[in-house]
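Secondary and tertiary structure notes
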Amino acid sequence: MVMRMSQVVAPTLREDPSEAEVVSHKLMLRGGFIKKLAAGVYTFLPLGYRALRNVIGIIREEMDLSGAQEVCMPTIIPAELWQESGRWPLYGKELFRIKDRHDREFCLGPTHEEVITDLVRDSIRSYKQLPANLYQIQTKFRDEVRPRFGLMRGREFLMKDAYSFHTSEESLEKEYQNMYQTYCRIFDRMGLKYRVVEADSGLIGGGFSQEFMVLAETGEEEIFHCNKCNYSASRESAGVGKYKAQAKAQAEAKVTEIHTPNAKTIEELIAFLKISPDQMIKTLIYETEQGAVAALVRGDHAINEPKLKKVLGVEDLRLADQAVIKKVTGAPVGFAGPVGLKGVKIVADHAVELIPLSVSGANKEDFHLINIVYGRDYKADLTGDLRFAVKNDNCPRCGEGIFDVSRGIEVGHIFKLGTKYSDKMRCVYLDEKNQEQVMIMGCYGIGVSRTVAAAIEQNNDKDGMIWPVPLAPFKAAIVPVNAEEPEQKAVAEKIYHELQAKGLDPLLDDRIDRIGVKLKDIDLFGIPFKVIVGPKGLKEGKVEVKQRRTGAMELVPLDQVSEKLVQLIGG
RNA sequence: CGGGGAGUAGCUUAGCUUGGUAGAGCGCCUGGUUUGGGACCAGGAGGCCGCAGGUUCAAAUCCUGUCUCCCCGACCA
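This is a predicted model, so every value here is computed, not measured.

Overview of the overall build of chain A
Per the secondary structure count, chain A includes 16 helices and 31 strands. Viewed in the frame of its principal axes, chain A has a C-alpha envelope of about 95 × 70 × 50 Å. The proportion of buried residues among the 571 residues of chain A is 52%. Accessible surface, chain A as shown: approximately 26400 Å² in total, 50% of it carbon and sulfur. Averaging the coordinates of the 78 positive side-chain charges in chain A and doing the same for the 81 negative ones gives two points 2 Å apart.

Structure below.
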């Protein structure tokens, strides 16, 4: 097949479409890579689909190499399976629910633990068939509350999901490491800069998990990493290490009640009392299955509810409403504090204990207390790490370094699921002793379409995308300065066929357009190399080879062009 | 789901306050002049002004409802 630009369906735009905000979204729309059909639902046009196929190809090759087997499961899933796993009522509105003509309930699969578990429990009976790792590359649906940023957070998107089944934790651990290595190879091959972080496993459940983050200034996620050791974690799960030297409280300063009319928020208080937020105690009243609790964090910190759950050992946690707050503290919202608080468990973040003289609500409308000393004026029933980490916090792993923060885009996530699904869905096998055992599972995802967006997010400039070679929709574009001039035309065609013969995936820009227009488009597309065929070069029997990323240009004799590109593209 | 904003040609948009023949730039088509980084001239095609009601002699414009899209927040295997 000859790829001639004059025939490629790529409706490019000179202006940014008003619907796009982030750079990858703008560029893909401008380059005619994708077209929106509905919020969070996109068509891939030829150029976009070529890039997507490159991503798919690398993932598929590496997954196959890892020993995983590809399958393809339905996108439409009967509700019964989800009821069996218990997720039907839990998953909420994000689950795209539909009914068939007989009023039977289904959902569009947002993830496929249920389907794969159903498959494996019926297909695998013996320990001799384990371990097994099955994967698919398939469209997923999540009715996101707010789809945004183009392919970054769509409602319909392409995902690679793999599920492994084991007879032991050791076997799972081995496969988990295998997947870890496989993921590293996948993202290395794509030429993307990424970092692996420890993460919270969220609704999918299970224990330890790691996320693969493509680094980009514009990433949605904050990544915390130690400047001394190799600890790195997502904002949700980053632990806060031990605090260093603490100032001793001045015991003589007595707790004093201050009238603070209308000052309910931290901002209002620091302005009113002329203090800094790190002197404040933020007191949040929560309801749990064990009753109400008062959680304390420093005024400049944000509470991390999953951490709070862990420290308290509760399942159910929600912020108390006004009535409960009034009952617990005796004051309206905004005046809660730990001093004199009775009848609720008090749980404090480590940082709160260390405030020398702190300020909090007085549990009395329009009053706050100052000069509070921990241990003298109140004591927490429980202390722990309750808050989101911030830049410069101490590393919990090595205790030496502090956190740097960078931004990234989550493109991969690997989990040890354990028996969460196999247990509920009775996915069992017979072991050597003829005993029935529940399979232990792992689960490994890559956001395939999101990876395309992430690659652009990481690699672009004012002129457009800059594809890493392995992902580029075309590796090289041959651009005659004047496509109507016979010599240029002939030379361009010849080079085109040479490159194609060498499997270099070239594009021939045969459009009858001014050179500037053609080059602008090719740059926008992010094609790594351009071969410019013009009269100046031809006089000396040469063409120009120009690199998209660096702008570097080299004159290359005609008979050496294909060789040169083989060398540049790397075969 | 809460707050904000926007729907006018393929794209970017003006017009709306103060109702009276729907405009521009880009792109597209034809002809000509050009031709090494988004050319120029001339001519042309292309609009249910998101949709539905209402007010009015008359609605892109005013009123009501509704749908869609975007942004911030909450949410996010």
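Side note on the sheet that holds strand β6 (residues 105-108)
Pairing is antiparallel in the open sheet, where three strands are placed in the order β4-β6-β5. Single-partner strands in this sheet number two, and they are β4 (76-78) and β5 (96-99). Shown here is a sheet whose adjacent strand axes are inclined to one another by a mean of 35°, direction ignored. Two elements, β5 and β6, share four bridges in a ladder whose sense is antiparallel. Looking at β6, one finds that Ile98 is bridged to Phe106.

A few points about the nonpolar core
Nonpolar side chains tend toward joint burial in soluble globular proteins. With 83 residues, the main nonpolar core has Tyr183, Phe187 and Trp467 as its most contacted residues. Here this core gets eight residues from one element, more than from any other, and that element is helix α2 (residues 46-66). Residue assignment places this core across two domains, with domain 1 (23-71 + 109-239 + 405-456) and domain 3 (474-569) each supplying three or more. Ignoring anything within four residues of it in the chain, the contact list for Trp467 reads Phe33, Ala51, Val452, Ala455, Ile456, Ala472, Pro473, Phe525, Gly526, Pro528 and Arg549.

A word on the packing of aromatic side chains
Counted under the stated rule, the structure contains 13 aromatic pairs. Aromatic side chains Phe187 and Tyr194 sit 5.8 Å apart centroid to centroid with 50° between the ring planes, which places their arrangement in the tilted category. Grouping residues by exposure puts Phe187 and Tyr194 together as buried. One aromatic cluster is present, formed by Tyr180, Tyr183, Phe187, Tyr194 and Phe212 through successive ring pairs.

With respect to the packing of α2 against helix α6 (residues 169-189)
Working note: a packed helix pair is described by the angle between its axes plus the distance between those axes. Where α2 meets α6, the axes come as close as 10 Å, and the angle between the chain directions of the two elements is 150°. Classed by the angle they form, the pair α2 and α6 counts as roughly antiparallel. α6 is crossed by α2, and the crossing has right-handed handedness. Listed contacts from α6 to Ile58, Ile59, Glu61, Glu62, Met63 and Ser66 of α2 are Asn178, Met179, Thr182, Tyr183, Arg185, Ile186 and Arg189. Looking at the contact of α2 with α6 residue by residue, the class counts come to six nonpolar, three polar and four charged.

Re the sheet that holds strand β18 (residues 358-361)
Read from one edge to the other, the open sheet built from three strands follows the order β13-β19-β18, with strand pairing classed as antiparallel. If you trace the sheet from one side to the other, it starts and ends with β13 (256-259) and β18, each paired once. Geometrically, the sheet is characterised by an average inter-axis angle of 30° between neighbouring strands, direction not taken into account. In terms of strand pairing, β13 meets strand β19 (residues 367-372) through four bridges, oriented antiparallel. Bridging across to β19, Ile258 finds its partner in His368.

Brief notes about the domain arrangement of chain A
Structurally, chain A comprises domain 1 (23-71 + 109-239 + 405-456), domain 2 (256-384) and domain 3 (474-569). A C-alpha centroid distance of 38 Å is found between domain 1 and domain 3. Approximately 560 Å² of surface area, both sides summed, lies buried where domain 1 meets domain 3, with 64% of it carried by carbon and sulfur atoms. The salt bridge partner of Asp505 is Arg50, with a shortest N-O separation of 3.2 Å. Linking domain 1 to domain 3 there are one residue pair in polar contact (both at pLDDT 80 or more).

Observations concerning the environment of Val479
Mapped onto the fold, Val479 is located in strand β27 (residues 476-480). Sequence spacing of Val479 and Met5 is 474 residues, and the spatial spacing of their C-alpha atoms is 9.7 Å. The contacts of Val479, once residues within four sequence positions are left out, are Asp509, Ile515, Lys518, Leu519, Ile522, Val531, Ile532 and Val533.

Details of the pairing of β19
With three bridges connecting them, β18 and β19 associate as antiparallel partners. Along β19, the bridge assignment pairs Ser360 with Leu369. In textbook terms, the turn of a hairpin is the stretch between consecutive antiparallel strands, and for β18 and β19 this stretch comprises five residues, one of which, Asn363, has a positive phi near 60°.

Focus on unusual backbone geometry
Cis geometry marks the peptide bond from Leu130 to Pro131; its omega dihedral reads 0°. Within the secondary structure layout, Pro131 lies in the loop between α5 (113-123) and β7 (132-141). With a phi angle near 55°, Lys274 is a residue other than glycine that sits in the positive phi range. Overall, the relative accessible area of 74% leaves Lys274 in the exposed class. The phi torsion at Asp366 lies on the positive side, around 65°, for a residue other than glycine. Looking at the secondary structure, you find Asp366 in the loop between β18 and β19.

Examining helix α13 (residues 486-501)
With 16 residues, α13 extends 22 Å from end C-alpha to end C-alpha; this agrees with the ideal 22 Å at 1.5 Å per step. Where α13 is concerned, the buried positions are Gln488, Val491, Ala492, Glu493, Ile495, Tyr496 and Leu499. As for α13, its buried residues are in contact with β27, β28 (506-508), β29 (529-533), α15 (535-539), β30 (542-547) and α16 (561-569). Just beyond α13, the residue with positive phi is Gly503, at close to 70°.

What counts, and where the lines are drawn
- Residues numbered from 1 in each chain as written.
- Chains lettered and ligands numbered in written order.
- Predicted model: local features only at pLDDT ≥ 70, side-chain atom pairs only at ≥ 80, totals over all residues.
- Heavy atoms only, no water.
- Helix = DSSP H or I, 4+ residues; strand = E, 2+ residues; numbered from the N terminus.
- Buried < 20%, exposed > 50% of the residue type's maximum accessible area, 1.4 Å probe, protein only.
- Areas by Shrake-Rupley, 256 points an atom, 1.4 Å probe, with all protein chains shown as cover.
- Lys, Arg positive; Asp, Glu negative; His and termini not counted.
- Charge placed at Lys NZ, Arg CZ, Asp CG, Glu CD.
- Pairing = 2+ DSSP bridges.
- Axes fitted to C-alpha atoms, helices over the stretch in contact; angles between N-to-C directions.
- Core = buried A, V, L, I, M, F, W, Y, C linked by side-chain atoms within 4.5 Å.
- Domains from an automatic or database assignment.
- Contact = heavy atoms within 4.5 Å.
- Phe/Tyr/Trp six-rings, centres within 6.5 Å; stacked < 30°, edge-to-face > 60°.
- Parallel < 35°, antiparallel > 145°, perpendicular 65-115°, else oblique.
- Left-handed = near helix turned anticlockwise from the far one by under 90°.
- Nonpolar A, V, L, I, M, F, W, Y, C, P; charged D, E, K, R; others polar.
- Buried area = accessible area lost by both parts, 1.4 Å probe.
- Salt bridge = Lys/Arg side-chain N within 4 Å of Asp/Glu carboxyl O.
- Polar contact = N/O pair within 3.5 Å; in protein donor to acceptor, adjacent residues only side chain to side chain.
- Expected span 1.5 Å × (residues − 1).

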